[in-house]
Amino acid sequence: MKFTLKDYQDDAVAQVLDRLKKSRRRWHEDKEKNAFSLTATTGAGKTVMAAAVFEALFFGSDDYDFEADPGAVVIWFSDDPSLNEQSRFRLMEASDKLTLSDLVNVGNTFSRESFEPGKIYFLNTQKLSKNSLLVRGHDSDDMSLETPDGQRIMPDMRSHTIWDTIQNTIEDPDLTLYLVLDEAHRGMRESAKRSDSKPTIVKQLINGNGGVPGIPVVWGISATVERFDTAIAEMEDRTKLANVIVSSKLVQDSGLIKDTINLEVPDETGDFSTVLLRRGTEKLREISEAWANYSKQQHDADTVRPLMILQVPNSPDHGEIGIWLETVFKAWPDLPIESVYNVFGEHKTEIFGSYIAPYIPPERVQESQYVRVLIAKDAISTGWDCPRAEVMVSFRAASDKTHITQLLGRMVRAPLARRIPGNERLNSVDCLLPHFDKVSVNDVVTALMTGDEIGEELPGRRVLINPREMNRNPSIQKEVWDKLTSLPSQTLPKKQARPVKRLTSLAHELAADALLPDAGKIAHSELHKVLDTLQATYADDLKAARDAVLKVDGKIIKADIKTKAMTFDDFVEDADYAVIEDAYKRAGRALSPDVAKTYSECLAARDTNSEDAEEALIEAHTIVAALGMVPKIKEHLEAEAEKLANEWLTYHHTDIKALSDERQDVYREIREMSSNPLDVELVPPTTQLQPTKARNPDGTEIILPRYEKHLLCDTDGLFPELFNSDWEDRVLVAELQREETIGWYRNPARASQESLGVAYEEAFETRILRPDFLFFTRLSSGEIGANIIDPHGFHLADALPKLKGLADYAEKNGSHYCRIEAIAKVENKYRILDLTCASTREVIREASSAEVLYKSEFGHDYSA
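This report concerns the structure included in the present document.

Procedures and definitions
- Residues numbered from 1 in each chain as written.
- Predicted model: local features only at pLDDT ≥ 70, side-chain atom pairs only at ≥ 80, totals over all residues.
- Heavy atoms only, no water.
- Helix = DSSP H or I, 4+ residues; strand = E, 2+ residues; numbered from the N terminus.
- Buried < 20%, exposed > 50% of the residue type's maximum accessible area, 1.4 Å probe, protein only.
- Contact = heavy atoms within 4.5 Å.
- Areas by Shrake-Rupley, 256 points an atom, 1.4 Å probe, with all protein chains shown as cover.
- Patch = residues over 30% accessible without salt bridge, like charges linked within 9 Å, V, L, I, M, F, W, Y side chains within 5 Å.
- Salt bridge = Lys/Arg side-chain N within 4 Å of Asp/Glu carboxyl O.
- Lys, Arg positive; Asp, Glu negative; His and termini not counted.
- Charge placed at Lys NZ, Arg CZ, Asp CG, Glu CD.
- Core = buried A, V, L, I, M, F, W, Y, C linked by side-chain atoms within 4.5 Å.
- Pairing = 2+ DSSP bridges.
- Axes fitted to C-alpha atoms, helices over the stretch in contact; angles between N-to-C directions.

Structural notes on the overall build of the protein chain
Here's step 1: The number of helices and strands found in the protein chain is 25 helices and 38 strands.
Here's step 2: Taken over 864 residues, the protein chain has a buried fraction of 53%.
Here's step 3: In the protein chain, the share of contacts with a sequence separation of at least 24, taken over all contacts with a separation of at least 6, comes to 72%.
Here's step 4: A total accessible area of about 39500 Å² is found for the protein chain, and carbon and sulfur atoms account for 49% of it.

Re a negative patch on the surface
Here's step 1: A cluster of acidic residues, Glu-282, Glu-286, Glu-289 and Glu-469, forms a negative patch on the protein surface.
Here's step 2: The element best represented in the negative patch is helix 8 (residues 273-297), accounting for three residues.
Here's step 3: Within the secondary structure, Glu-289 sits in helix 8.
Here's step 4: The class of Glu-289 is partly exposed, set by a relative accessible area of 45%.

Topic: the nonpolar core
The tendency in soluble globular proteins is for nonpolar side chains to be buried side by side.
Here's step 1: Formed by 72 residues in total, the largest nonpolar core has its most connected members in Phe-54, Ile-120, Trp-219 and Leu-263.
Here's step 2: A total of ten residues in this core trace back to one element, the largest contributor, which is helix 2 (residues 46-59).
Here's step 3: When near neighbours in sequence (up to four residues on either side) are disregarded, Trp-219 contacts Val-16, Phe-36, Ser-37, Leu-38, Ala-50, Val-53, Phe-54, Leu-179, Val-180 and Leu-181.
Here's step 4: Counting residues in hydrophobic clusters, the runner-up holds 54 residues, among them Trp-727, Ala-786, Ile-788 and Ala-799.

Topic: the pairing of strand 20 (residues 468-472)
Here's step 1: Judged from the four bridges that link them, strand 20 and strand 25 (residues 687-690) form a sheet pairing that is antiparallel. In the sheet register, Asn-471 faces strand 25, and the bridge partner there is Thr-687.
Here's step 2: Relative to strand 29 (residues 712-713), strand 20 runs antiparallel, the two being bridged by two bridges. Within strand 29, the position partnered with Asn-471 by the bridge is Cys-713.

Examining the sheet that holds strand 18 (residues 428-432)
Here's step 1: Across the sheet, which stays open at both edges, the seven strands sit in the order 13-16-12-17-18-11-19 with parallel pairing between neighbours. Of all strands in the sheet, those with a lone pairing partner are strand 13 (340-342) and strand 19 (462-465), marking the two edges. Each adjacent strand pair in this sheet contributes to an overall mean axis angle of 20°, direction not counted.
Here's step 2: Two strands pair when backbone bridges link them, and strand 17 (residues 389-394) and strand 18 are joined in this way by three bridges, in the parallel orientation. The residue of strand 18 that forms the bridge with Met-392 is Cys-431.
Here's step 3: Relative to strand 17, helix 8 is tilted by about 180°, and along the sheet it contacts strand 11 (260-264), strand 12 (307-311), strand 17 and strand 18.

In structure tokens, the structure reads:
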């Protein structure tokens, strides 16, 4: 793979491969047909995950302990040709093993008798429709394709249809046909317009059609698969396996999709189309300048070139659109007049007043940097997305909120596939709705906060109505910012940590950035020394393992025909080259294929007893095979690899901080590729978007209170904030009244590099607590002190686990802080637990109730 998978993607790929392996075995052994789905919200990287699955399916994977299926054939099916083209491009973009010849777009001239293994064939609904040349001659009812004597006539004198090709592939015992349904929820429901009861093309592929059996293995991919699941459950001859479901929270936390969606609606009643369109154009210009500045700051020649989508009604007034375009060009005169395009279903150049807007296929918009204004109607196409689309002005009516949320949901992918540290403006998307008001827009907010299609809440996403931009507070001294960035933050451990791979990945990046020349050779050399030592340490175990490699044990079974008695005799034979190589490959999966290879070469080069190089290499492979059979050797090797990687990360920390954000992000991912990740530093925020108003349950609007001394502020030096309870407000006011307080920071609740995280365990799973407040004080020594103050109720199930996590954090990092305090309201009093106190931490670790802790002598009154 060209990309390093996120943890949730890695886990999902492993689960999908597990289901494909089961499905393949069941089909060939029992002719049992299986189906399952991969469900993930828009922007999760479903095609990237699919690319990793296909690489393992066709070529095998040591990382997933998955053997290649030599007879694997994949049909990738969707209802949209342009969506197929976009998927083909993304698979090639993500994979370093799949080539263009492996990704076959099935055209009308396709005429293979059966599909070729090791390839992905792209089909769509239109290619299998009745009028398609690929299927003509298959339908027995079509008498026009028969001769008078009943012989079937094939179009273009072909010997078979695409259905024949599918049938031949299914019936070939050496092949396994997998059907991947992109946007699997589509095509499962028969059209109400049809007078017959003929099943949809998708259902024909799944269930079979005209003597063609159903495809053995069906894998659905979508953000919402309820319709797919229902259809599969109704099928009698297909077993449904458990779906692979990706957590929307993990996707949001990953930074692959934008954190914030800003909605702007009029404050008054009236037609504000041109007013908000002018604001949208200004936002497009501002975000274009912001990306250009960021690119310059990062010394990157390539910059993101944002575009604005104008969403118009299904029956648009071309003259009115011309007026809107005139408004756009008046607001931004430097915008090229030839930068306007359309994606209407008519697929032709449109004339809007005096402006010409050529048609462009949706899948080409992202790569076509010259497109800056895109005119669209509905959701363009299912599955389409465009990370460059950062501003949308929708002229749809309030009753069309579904069309708005569908299209806006396609704009949430981060342009650089990562979160931009410290700059919320570059991590957001703007939507202006001239025909909505603050009441009707609530439905849009609800849909966007639940991921629209998947329906699962996205905790890290913020949908803001008419927000204001906060910038760095000029009254906050640099010392405070330095203190903020020095505070250690914790991250989630890697579920499937691979320490050796982590070390070699780190070595590759250090060498690429010229921070450690020949880092790869150094890493392998150090691991070779470790294996040399382990050979001596576990000499007895390795002798037994070596004997097991070189000997093949078996049994001879003798049966007496008359008495039917059976006897068993053991036999032992010397292993041949194939047996040794199989054991060597298994050891490579345990120790790392690269290390197994380089260590074998190292051993062979040292060998002075073997007669030739080939014999020396076989002996080396035998030693490595034995090493892989001793579990403790793998444990020690991984521990040493983890240790060396952490040493290098610590030693080169300053040099890494001087690199671009993109390169730093690579090292951050490597840092987190551990079951016990190192602490990370906070990134100081430069901008943040905040709401300034809120709405009461009765619909009345309130202006949010604003507070002084926050690290980020508006033009008045104040920071607006809406708290979920009066606790936070009371604590904040009390802390600001302290004479020594010189600044505070509202710790973001979402996973980002600007948010301080504290790890804790709950239900045998590591999670992250994000304390509410960081306060900064001027100490008598003149230095800056930091304090964690976290108001948190004890009535929730996670209250005690979070306290224990905070206690462990204080134990490890207490030297960075003056105060670390948890606060709860107990019987109309505010009580605190001082986690800088060792005895309090000890009591917390042994406690069974958070409420009892606050009420005990270890809790103290807090004056708020």
